[in-house]
Amino acid sequence: MEEFLKVNEIKVIIEHLEYERSKSLSSNYLYVCFYYISILNFSPKTVLLKGRKWIVTNDLGEKTVIEGLGIVGTYPRLKMGEKFRYSSHHFYSRPSVVEGSYFGIDSEGSLIVIPVPKFSLLIPEDII
């Protein structure tokens with residue numbers, strides 16, 4: 001099994017978080033968090049992002065793992081100095097913490113992992 005290299009020259013920035021009451025009728029989806037993320041490549045290598053893995057831990061300690069290929073349906077290829085920006089969302093019913101990583105390959109064929117800063121899924125006071 002190949003090992004992933006942690007790449008410090010690729011930065012993930014959580015630009016903005018928005019919280020709303022969900023329109024879903026399911027009790028598992030009381031709230032929705034819209035997140036806006038930028039991934040910046042400061043390394044001298046081109047990187048291809050091939051997937052992601054998120055771990056969502058609620059305030060009861062229950063974990064949900066979300067993983068898959070691509071990032072919002074794409075496989076971003078970033079040369080040195082390039083940025084990929086996207087937005088997505090996550091449904092939840094309890095305050096939670098999200099952590100995770102993106103996975104990919106660099107131009108030398110090395111498998112890479114890029115950590116995502118932790119962020120919170122909050123229940124804003126104005127929607128309780």
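So, here's what we can say about the structure.

How each quantity is defined
- Residues numbered from 1 in each chain as written.
- Predicted model: local features only at pLDDT ≥ 70, side-chain atom pairs only at ≥ 80, totals over all residues.
- Heavy atoms only, no water.
- Helix = DSSP H or I, 4+ residues; strand = E, 2+ residues; numbered from the N terminus.
- Buried < 20%, exposed > 50% of the residue type's maximum accessible area, 1.4 Å probe, protein only.
- Polar contact = N/O pair within 3.5 Å; in protein donor to acceptor, adjacent residues only side chain to side chain.
- Contact = heavy atoms within 4.5 Å.
- Phe/Tyr/Trp six-rings, centres within 6.5 Å; stacked < 30°, edge-to-face > 60°.
- Core = buried A, V, L, I, M, F, W, Y, C linked by side-chain atoms within 4.5 Å.
- Salt bridge = Lys/Arg side-chain N within 4 Å of Asp/Glu carboxyl O.

**What about the side chain of asparagine 41?**
- With respect to the helices and strands, the residue asparagine 41 is situated in strand 3 (residues 31-41).
- For asparagine 41, a relative accessible area of 1% corresponds to the buried category.
- Engagement of the side chain of asparagine 41 in a polar contact is seen with the backbone oxygen of leucine 78, the distance being 2.9 Å.
- Beyond its immediate sequence surroundings of up to four residues, asparagine 41 is in contact with Glu9, Ile10, Thr46, Val47, Leu78, Lys79, Met80, Gly81 and Glu82.

**A look at the packing of aromatic side chains**
- All chains considered together, the criterion is met by eight aromatic pairs.
- An angle of 65° between the planes, with centres 5.3 Å apart, marks the rings of tyrosine 29 and phenylalanine 91 as edge-to-face. Separated by 62 residues along the polypeptide, tyrosine 29 in the loop between strand 2 (10-21) and strand 3 and phenylalanine 91 in strand 7 (residues 83-92) bring together distant segments of the chain.
- Judged by relative accessible area, which is 33%, phenylalanine 91 ranks as partly exposed.
- Judged by centre distance (6.1 Å) and plane angle (85°), the rings of tryptophan 54 and tyrosine 102 are edge-to-face. Of this pair, tryptophan 54 sits in strand 4 (residues 47-58) while tyrosine 102 sits in strand 8 (residues 96-106); the two residues are 48 residues apart in sequence, bridging distant segments of the chain.

**Let's talk about the nonpolar core**
- Ranked by size, the top nonpolar core spans 24 residues in total, and within it Ile37, Ile39, Trp54, Tyr86 and Tyr102 carry the most contacts.
- Put simply, the parts of the chain that give this core at least two residues each are strand 2, strand 3, strand 4, strand 7, strand 8 and strand 9 (111-121).
- Among residues more than four places away in sequence, those in contact with tryptophan 54 are Tyr35, Ile37, Thr64, Val65, Ile66, Tyr86, Val98, Glu99, Gly100, Tyr102, Val116 and Phe119.

**Considerations on the pattern of salt bridges**
- In the structure shown here, the tally under the stated rule is five salt bridges.
- The residue glutamate 99 makes a salt bridge to lysine 118 at a minimum N-O spacing of 4.0 Å. With glutamate 99 in strand 8 and lysine 118 in strand 9, the pair connects residues that are 19 residues apart, well separated along the chain.
- Residue class for lysine 118 comes out exposed when judged on its relative accessible area of 58%.
- Overlapping salt bridges bring together Lys45, Asp106 and Glu108 as one network.

**Structural notes on the side chain of histidine 90**
- Take histidine 90: it is sitting in strand 7.
- The contacts of histidine 90, once residues within four sequence positions are left out, are Tyr31, Val32, Cys33, Tyr35, Val56, Ile66 and Leu121.

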